[in-house]
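Each chain, letter by letter, is given below.
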Amino acid sequence: MKSNTRASRRRITPFIAAAGVAALVFSGCSSPGAAPSAAGGQAPQARAPQAPMLAPDADKGATGDIVFCGGKDTGIREATAKRFNAMQSAIRVSYLELGADTSAARTAAIQRLEGGSTDCDIYMTDVVWTPEWAQQGWLYDQTDLVKAVGGEIIPSILSTTEYDGRNWAMPFYTDSALIYYRTDRVKAPTSWKDLYAQAAADPEHKLLLQAKAYEGLTVNFLELLYSAGGSVIDEQGKVVIDSPQARTALTFMRDGFKNGSIDPASLTYDETGVRRAYESGLGGFQRNWPGAWNGTQASEAGPKTAVAPLPSFDGTGKPAGVLGGWNLAVAQKAKNPGASVAFIKYVASEEAQRQMVLETAQSPIRAALYSDPEVVAKIPFAPQLKTSLENAKPRPKSPVYAQISRAIYENVYAVLSEGSDVDAAIKKMADEIQKAQETF
Ligand code: GLC
């Protein structure tokens, strides 16, 4: 749709590592900023090709249908589409579910994108997909739209939409994991070591986590690695995962399976699997995202559940988590980019973000909502949510992130499920990440 595009400027300056950002820094929660973080790391940067720019006013007079595509709906996606459809009649959004977990959703989306499909106007993109999708030339450039409406968005969240100095998406919601725990069985963990010790004490205290071989396992491992002081790639782009901290984190996780801290069924769980098992009364601890709150709350386990931020590794270091979340990207093959802009503006608005957090406990992208009295009154764990966001660090930012992550989760999974050697697994992981980096 040429009318809302404009040839984007050819970039002649080297890529500025503006996005190596991330630990959230809220100052009193009203003026958040971003600080550099070493944990996620910068892979060497490649240029993203030129892409048509979405004009911020492309929604003027827009009408018709749009299809919004993404992974399994946790309630928030269809609900948001429904609210948008109810408040106006010119545009109709429908949600198309692509895959169960994030890795499956990415595969299904990429099959469509590579095949030139026009099925989806908007893709819900995991925060780690931005560099790859920008580099493949699948997306509209949203830099102008982000400039026009993104002023109140927390900088570290906004940085997940950036690659090669441009914004390729608009944040939808952010994610940083929490520990849900049974107040009748266990206590709030003071460290990961304390959590594992409490969990091993009784089969009813077990920790349920996501250890299926997919993106969620990468995140679970990185949460331990980051809190043990390790990282994947350093600020210069050097692979540094072959480290004592990585051995400590992986040995700790393996021993957690061996000594009964972690429910062995975790090897088959994604986020939904963990939530359902916990809701059925299993375990003392559930590691999950804020989006698990509503389901957990409504279950029998709900009244006996409290929430804590992820702890430090052993009580001495800093707590650390992984920055998750989802963005809205517009496909260059979108049939209706103008209406897509209207929907995206709505999703990022303060009103839609407030409704989202009140109804689903998904973490909003706007800083002010974390201290909004209505939100604080309704979401009992708003302070824990804020702490966990402040401690969240990004995953490596790279067009080959999918390969980097696969190198992590496959090698971690082999140790957890087959008991393969920790040292060899870390070396292999580092080697595969290095090779992935060399492919572009
Ligand atoms: C959540 C996070 C996402 C992460 C995924 C892992 O959906 O928001 O960033 O990649 O979990 O399973």
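All figures in this text were calculated on a predicted structure; none of them were measured in a lab.

Undergrad: Would you take a moment to explain the nonpolar core for this structure?
TA: Proteins that are soluble and globular tend to have nonpolar side chains buried together. Counting residues in each nonpolar core, the largest one holds 129 residues, and the members touching the most others are Ile122 and Leu139. Top element by residues in this core is helix α15 (residues 401–418). It accounts for 9 residues. Composition of this core by domain shows at least three residues from each of domain 1 (2–175 + 324–391) and domain 2 (178–321 + 400–437).

Undergrad: Sorry if this is basic, but what is going on with the sheet that holds strand β11 (residues 285–288) here?
TA: Adjacent strands of a sheet pair through backbone hydrogen bonds, lying either parallel or antiparallel. If you trace the 4 strands from one edge of the open sheet to the other, you get β10-β11-β9-β12, paired in mixed fashion. At either end of the open sheet lies a strand with only one pairing partner, and these are β10 (207–208) and β12 (305–309). Of the strand pairs in this sheet, β10 and β11 are connected by 2 bridges, and their pairing is parallel. Within β11, the residue paired with leucine 208 across the bridge is glutamine 286. The sheet contacts of helix α9 (residues 271–279) involve β9 (178–182), β10 and β11, and relative to β11 the element is tilted by about 155°.

Undergrad: Help me understand the site of the ligand, please; the structure alone is not making it clear to me.
TA: As a matter of local geometry, the ligand sits amid 14 residues, with Thr102, Asp175, Glu215, Gly216 and Gly324 nearest to it. Listed by contribution, the elements that provide at least two residues to the shell around the ligand are α7 (215–227) and β14 (324–330). Of the residues belonging to the shell around the ligand, the class tally is 5 nonpolar, 4 polar and 5 charged.

Undergrad: Where do I start with helix α8 (residues 244–258) in this structure?
TA: Counting along an α-helix, one turn takes 3.6 residues, and residues three or four places apart therefore face a common direction. With 15 residues, α8 should cover 21 Å at 1.5 Å per step; its first-to-last C-alpha distance of 21 Å lies within 8% of that length. Turning to α8, its buried residues number three or more, namely Ala246, Ala249, Leu250, Met253 and Gly256. Here the buried residues of α8 occupy an arc of 115° about the axis, which is enough to place them on one side. Each element contacted by the buried residues of α8 is listed here: α6 (192–200), α7, α15 and α16 (422–437). Phi turns positive, to about 85°, at glycine 260, one or two residues after α8.

Undergrad: Would you mind showing me how to read the packing of α8 against α15 here?
TA: Any two packed helices are characterised by the angle at which their axes cross and by the distance between the axes. Direction vectors running N to C along α8 and α15 enclose 35°, while the axes themselves pass 9 Å from each other. Both α8 and α15 take part in a crossing whose hand is right-handed. On α15, the residues that touch Leu250, Met253, Arg254 and Phe257 of α8 are Val412, Val415 and Leu416. Its residues assigned to classes, the contact of α8 with α15 shows 6 nonpolar, no polar and 1 charged.

Procedures and definitions
In every chain, residue numbers begin from 1 and rise along the written sequence. Since the coordinates come from a predicted model, pLDDT governs what is reported: local features require at least 70, and pairs of side-chain atoms require 80 or more to be given and counted, while whole-chain, interface and lining totals use all residues. Each nonpolar core consists of buried Ala, Val, Leu, Ile, Met, Phe, Trp, Tyr and Cys residues. Their C-beta atoms, within 7 Å, join them into a set. Whether a residue is buried, exposed or partly exposed follows from its count of other C-beta atoms within 10 Å of its own C-beta, namely 20 or more, 12 or fewer, or something in between, respectively; the C-beta atoms are built from the backbone. Only DSSP runs of H or I covering at least 4 residues are called helices, and only runs of E covering at least 2 are called strands; the numbering of each starts at the N terminus. Source of the domain bounds: an automatic or database domain assignment. Here, a strand pair is defined by DSSP locating no fewer than two bridges between the strands. Contact criterion: two residues are in contact if their C-beta atoms, reconstructed from the backbone, are within 7 Å. Here an angle of 0 to 180 degrees is reported between the N-to-C directions of two axes, which are lines fitted to C-alpha atoms, with helices fitted over the stretch in contact. Only the C-beta atom, placed from the backbone, is used; a residue is near a molecule or strand if that atom lies within 6 Å of it. Under this grouping Gly is polar, as are all residues other than the nonpolar Ala, Val, Leu, Ile, Met, Phe, Trp, Tyr, Cys and Pro and the charged Asp, Glu, Lys and Arg. An expected span of 1.5 Å times one less than the residue number is assigned to each helix. Arc definition: directions from the helix axis to the C-beta atoms. We call a crossing left-handed when the near helix sits turned anticlockwise from the far one by less than a right angle, and right-handed when that turn is clockwise.

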